[in-house]
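Each chain, letter by letter, is given below.
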Amino acid sequence: MADPSRARPVEAAAADSRAESPLTVRKRGPQSPGARAHQSPGTRARYKSSAPGHSFKKVTLTKPTFCHSCSDFIWGLVGFLCEVCNFMCHEKCLKILRSICSCLAPSLVHHSLCVHCPLQVPVAHCFGPAGPKRRFCCVCRKQTEGNATALRCEVCELHVHSDCVAFTCADCRRPHLDASVEQDTFHHHWREGNLSSAARCEVCRRSCGSSDVLAGMRCEWCGITTHVMCYLSVPPECTLGRLRCMMLHPASVRLDSRNFSKMHCYRITESSSTELDNTDEVDASAVTVVKDGQTAAPESGKQLLKVFDGDDAIKRNCFRHVSIFRATKNEEVVEAALRALYLPDDPQDFELQELGGLQRLHSDDVLNRNGSADNRSTQKDGSDTWLLRAKQRDAEVIKVYPSWPRSGSAFVQVSASKDSTAATVLDDVLVQLKRQDEDVSNFSLQEVCMNSKQVQRQMLTPQEKILDKLQEIRKTSLRQMHQTRFYVVENRNRVVQVDLLIGGLPPLLAKEEYAQLIEEHLAIKSHLVTISHIYPSQGALALQVSCFSEAERIYMLAKDTCINDKLLTSLVIPEIMHKTLNPDICPLLVFVNPKSGGLKGRELLYSFRKLLNPHQVFDICNGGPLAGLHTFRDVPKFRVLVCGGDGTVGWVLSVLEAVRHKLVCREPPLGIVPLGTGNDLARILRWGPGYSGEDPHHILVSVDEADVVLMDRWTILLDAQDMSEDGKDSGFLEPPKIVQMNNYFGLGIDAELSLDFHLAREDEPGKFTSRFHNKGVYVKVGLQKISSTRSLHKELQLQVDTQDIPLPNIEGLIFLNIPSWGSGADLWGSEVDSRHGKPSIDDGLLEVVGVTGVVHMGQVQSGLRSGIRIAQGNYIRLTVSKPIPVQVDGEPWIQPPGHIIISAAGPKVRMLRKSKQKQKKTSAAVKDKRSESPSSRDGGH
C-alpha cells in the first residue's frame, strides 16, 4: 500500500495555497455544465474542503450550474471544480463537503462511504451494457448518454464510461455471506448520484436528486435518498425498506464464491455483459476526435503525453493522455500524470521513464520535446510516451486490516524494512490488535486485489519479503497497488460446499444412469462430488462439491460438453439458510424473460436485481425455471413473479408442477408482469394488457398486496394414430404427447393463424420486438386467410363428459379455461344462457366455442359478436380424421390424425390477482408516490 508517512496528506494538499504550475489535466469532453476554467496569467490557488482527496480550483461560470453537494443552482459567476473528478460546488459547500474524490474511493471501501459502517468485504461489480437513459459516470462525473461503450453494474446503481472502469473499486453491495466472512450489523450501503429529480432527502425532506449532475446519496438496499451533506445523519442500521417482507436478507444467503466471478454467482449470461478484457485499452484521455478519426492536435503551446502506469499497461496498450505546456518541470508532469491515473500519492515518490529508452526525468529537469521527429518515443499522433514508476524505497509503512469487526480504526499501520517478512509483519499486527498471546500460526497475511473485474485473494507465505512484494505490484501496475489491501485472517479448517446445477441431460433416467453419465463426461472425483438432487423430468441434477478448484473445473467443462448432441448447462447455486428467515418474511422468486417485450424484459431484469437481492432474480433463458425453484426448495413460504408472455407463465407452471414434490412450499402463488403479445392470463388477473413502463418498485408493492386466487389447469393427451377409412385404429405414428394448458386450446383457423405468425417470427425474430408490430403482422396473416374454408364438423368428432356433441358448420374450435382470448376478447360472451353457467377460472369446467372464420374472429375481437357456444364440461374427447393445426396457449403445431383427450391436471394452482385498490389508484396518487419509490431514481421504466 502507499506509504502514509511519505504520502502527501490530503488535507494539507487541499490547504496548500502555494503557486501552482500552469498545467492542466485534460478530461473527456467539456467541463461540468456551464463551467470553464478561469485562466489567470501565472498561478491558480487551491482551496481547502472538508472532504478528502479533492483538488479544487475556482472557475468562472457561463450560465447557472448545479452544485454536486446540495443539488442547488450555483448562482453568480464563481464555482469550485475538482481537477481530478470534476466535482462542482458552491464556496459555502466546501466546508461541509462529504463526497470523497474518485482518487480515494478504493481506500474507503471498508467504510462504504460511511464512517459509521464496520469493515466490509470488497465486492466486485458486474458490468454490462448501459441502458438508454441519461446517467452520469461515477468516476469522472460526465454524462454517459450517447456513449455506446458506457457500462453499468447489473447489481447496483453504478454507471461508468468504459475507459473509467479501470478506476472503479470493488464497492458493490454484498448480497450473500461468503463462508469466510463473519456477519455484522446490517448497515446502509450508500451510492452517490443518479437520482431522479423527484427524489427527496430523508433528513431535511428537500429535493436531493438532479437530472443535471451526479448528486445526492441513495442506500442500495432500502432505497432512501439524502443530500451528500445529510446522509451521515441517518441512523446507520438499514431496515431494507418497504420491500423487506419479500427480500432475501444477505445474512440468509451463503455462497462459497472463491474462483467464481460475480457474473457466475448471479447467473448473468456472458452474452448480456460487455467483454471487459480489453476495456483498459480504450484511450481514456480527453483528446477530441475529428471526423476522419485522427486525433486532434493539442492546444497551442501544449503537447500530449502518453503515460503508462506499469508493465501490464504497456502489455495491454493501456495509457492515459496528459496535456502539458511544452516547458514543464518533471515534478509537475508527474503530478499531472497522477491526477490522470486517479492516484492521490506524493509526486516526489515517482519518476518518469522514457518508454523504450533509459532516460529518466529528475525533479529539476524540464520537459521540452516540442514534438521533435527525431525523438524515439514520439508517436505518429505527435504525443510522447512515458512510463510512470515508483522510486525504490528502503522502508515503508503499510496498512493491515483485521478480518473481524473491531472498534476504533479499521486498520493498523506497521513499519516494514528490507528484512521484513510476512511473519514479522504479522507479529507486529497482532501486538497492535492485542492478540499477541495467541499462537501466530493461527493467523495469516492475505493480499486482496480489488480490481474492477474480480476481487482476488492470495495468502502470503511467512518467508515472503514485504517490500519486494510491494515493488512487484507497483512494477506491474501503480493502479493495482492503489487497489491492493492486506488483511490479517484467522486460519480455519472450514467445510467447503459449492452447489452446481447441471442441466441438459437426457430426461427420465435412473440415479445410477445419471451418475454414470457425469462421471463419464465430466470425470468427477467421487470423493469430492456428491449428487444431492435429481430432477429426471427436467434432465437436471444438483452437485455438491467440497473443493473450489474441482467446482470450477466441473463448471467450465460442463459448458463445453454435449450429450446426445445437446449442450449441457451449469449454474452456481447459492444456499438459502431458511432457518434464519423471519416468520413474517415471504421472499419473492422472480423470473424474467429478457427476450419478451423488446428491451423491456432486459430493463426489468436489471431493475429487479437492484431492488431485491440478485440471488432471488433469475434470467429464465439461463437455466430455465428449475434454477430458481431449486434455489428456493427449502424456503417454507415464497411467492413467484413471472415477467413474460403467456408462454413463459405456462413454462414456469409446468416445471413447478413437475418438481413441486421436491419443494417445502408445494404451492407458491404466482403473479405476472405481462411482456407478451396477448397476455390473456395477465388481463383476467388484473395485471394489465401489457407492461407499459410502470415503476418496478410499484410492481413489487402490488405483488405484495395482491390476492391469492385458484385457477384450473388442464392436461391434454395428443394420441396420434393412423385413422383408416372405417374409423378403426391401425397403429401408432408417434408416441403420445402430453402438454399442459392454462388459457385455451384451439383447432382450425385460430391455430392456423398462430402457426403462420409463429413461422414469420422465427424467420425474422429481430422485427418482433413490440406488441404493436406483432398485432399488425397477426392482422396481415388473418387477411390472407379470409378466402380459405375448412369444415371442421366433417373432420372432428367431439365428446364432452361422455356425451357426443354435434358440431355446427365452423372453421375453428376453441376450448377456454379463462374468459379472455386473442388479446382480451370475450369469446364466450356475457349474455345470460340458461343452458350454461357463468365461466370462471376455478369452476373445473372448460367452455367450448366455435368460430366460422377470420371475419367472425375479427368481429369477436372488436366486440361486435361473440363465439358460437357449444358446450361446457370437465372431460373432453376429440377424434381427428385429418392433419390439423392446433395451438395451446399460443404455441402452435400441426397435429396428425388421432385422439385428443383433455382432463383436469391435478390440484388447482394458486395465482396472484392484483387487488382492486391498487388497480384503481389515480395517476396523481402514483405520481406522488414516485418520490418515495427507490426506483424513482430512474424516473420510472
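Residues numbered from 1 in each chain as written. Predicted model: local features only at pLDDT ≥ 70, side-chain atom pairs only at ≥ 80, totals over all residues. Heavy atoms only, no water.

Asks: Go over helix α6 (residues 466-476), please, and point to the residues and values.
Replies: Among the residues making up α6, those that are buried are Ile466, Leu467, Lys469, Leu470, Ile473 and Arg474. When α6 is viewed along its axis, its buried side chains cluster within an angular range of 160 degrees and face the same direction. (Buried < 20%, exposed > 50% of the residue type's maximum accessible area, 1.4 Å probe, protein only. Helix = DSSP H or I, 4+ residues; strand = E, 2+ residues; numbered from the N terminus. Arc of directions from axis to C-beta.)

Asks: Can you tell me about the pairing of strand β20 (residues 384-390), naming the residues and giving the values?
Replies: Along a regular strand, successive side chains alternate from one face of the sheet to the other. Here β20 lies mainly inside the structure; 7 of its 7 residues are buried. Burial along β20 is two-sided: the residues Asp384, Trp386, Leu388 and Ala390 and Thr385, Leu387 and Arg389 are all buried. Bridging between strand β14 (residues 302-308) and β20 involves 4 bridges; their strand directions are parallel. Note on β20: the bridge partner recorded for phenylalanine 308 is leucine 387. The pairing of strand β17 (residues 350-354) with β20 spans 5 bridges and is classified as antiparallel. Of the residues in β20, the one forming a bridge with phenylalanine 350 is alanine 390. (Pairing = 2+ DSSP bridges.)

Asks: Describe the nonpolar core, listing the residues and the values that go with them.
Replies: Within the largest apolar cluster, 90 residues are counted, with the highest numbers of intra-cluster contacts made by Val160, Leu388, Leu541 and Leu543. Among the elements that make up this core, the one with the highest residue count is helix α4 (residues 330-340) (6 residues). In this structure, leucine 541 is in contact with Leu500, Leu501, Ile502, Leu505, Tyr514, Ile518, Ile531, His533 and Ile534, ignoring residues within four places of it in sequence. Ranked by size, the runner-up nonpolar core spans 77 residues in total, among them Phe608, Val649, Val701 and Val703. (Core = buried A, V, L, I, M, F, W, Y, C linked by side-chain atoms within 4.5 Å. Contact = heavy atoms within 4.5 Å.)

Asks: Tell me about the packing of helix α10 (residues 600-611) against helix α14 (residues 696-704), and please be specific about residues and values.
Replies: The N-to-C vectors of α10 and α14 enclose an angle of 70 degrees; their axes lie 10 Å apart at closest approach. On the basis of their axis angle, the class for α10 and α14 is roughly perpendicular. With respect to the hand of their crossing, α10 and α14 are arranged in right-handed fashion. For the pair α10 and α14, contact is made by Leu604, Ser607, Phe608 and Leu611 and by Pro696, His697, Ile699 and Leu700, respectively. The residue inventory of the contact of α10 with α14, partitioned by class, reads 6 nonpolar, 2 polar and no charged. (Axes fitted to C-alpha atoms, helices over the stretch in contact; angles between N-to-C directions. Parallel < 35°, antiparallel > 145°, perpendicular 65-115°, else oblique. Left-handed = near helix turned anticlockwise from the far one by under 90°. Nonpolar A, V, L, I, M, F, W, Y, C, P; charged D, E, K, R; others polar.)

Asks: Let's hear about the packing of aromatic side chains: which residues, and what values?
Replies: Per the stated rule, a full pass over the model turns up 11 aromatic pairs. What links up through ring pairs into an aromatic cluster is the set Tyr401, Phe411 and Tyr487. Cation over ring: arginine 152 sits above tyrosine 606, and NZ or CZ is 3.5 Å from the ring centre. Arginine 267 extends its terminal NZ or CZ atom over the ring of phenylalanine 618, reaching a point 4.0 Å from the ring centre. (Phe/Tyr/Trp six-rings, centres within 6.5 Å; stacked < 30°, edge-to-face > 60°. Lys NZ or Arg CZ within 6 Å of the ring centre and 35° of its normal.)

Asks: Summarise the confidence of the model for the protein chain; cite the residues concerned and give the values.
Replies: Overall, the predicted model of the protein chain reaches an average pLDDT of 79, with 78% of residues at or above 70. Low confidence marks residues 935-941, where pLDDT is under 50. Its contacts with residues over four positions away, or in another chain, come to 32 contacts. (pLDDT = per-residue confidence, 0-100.)

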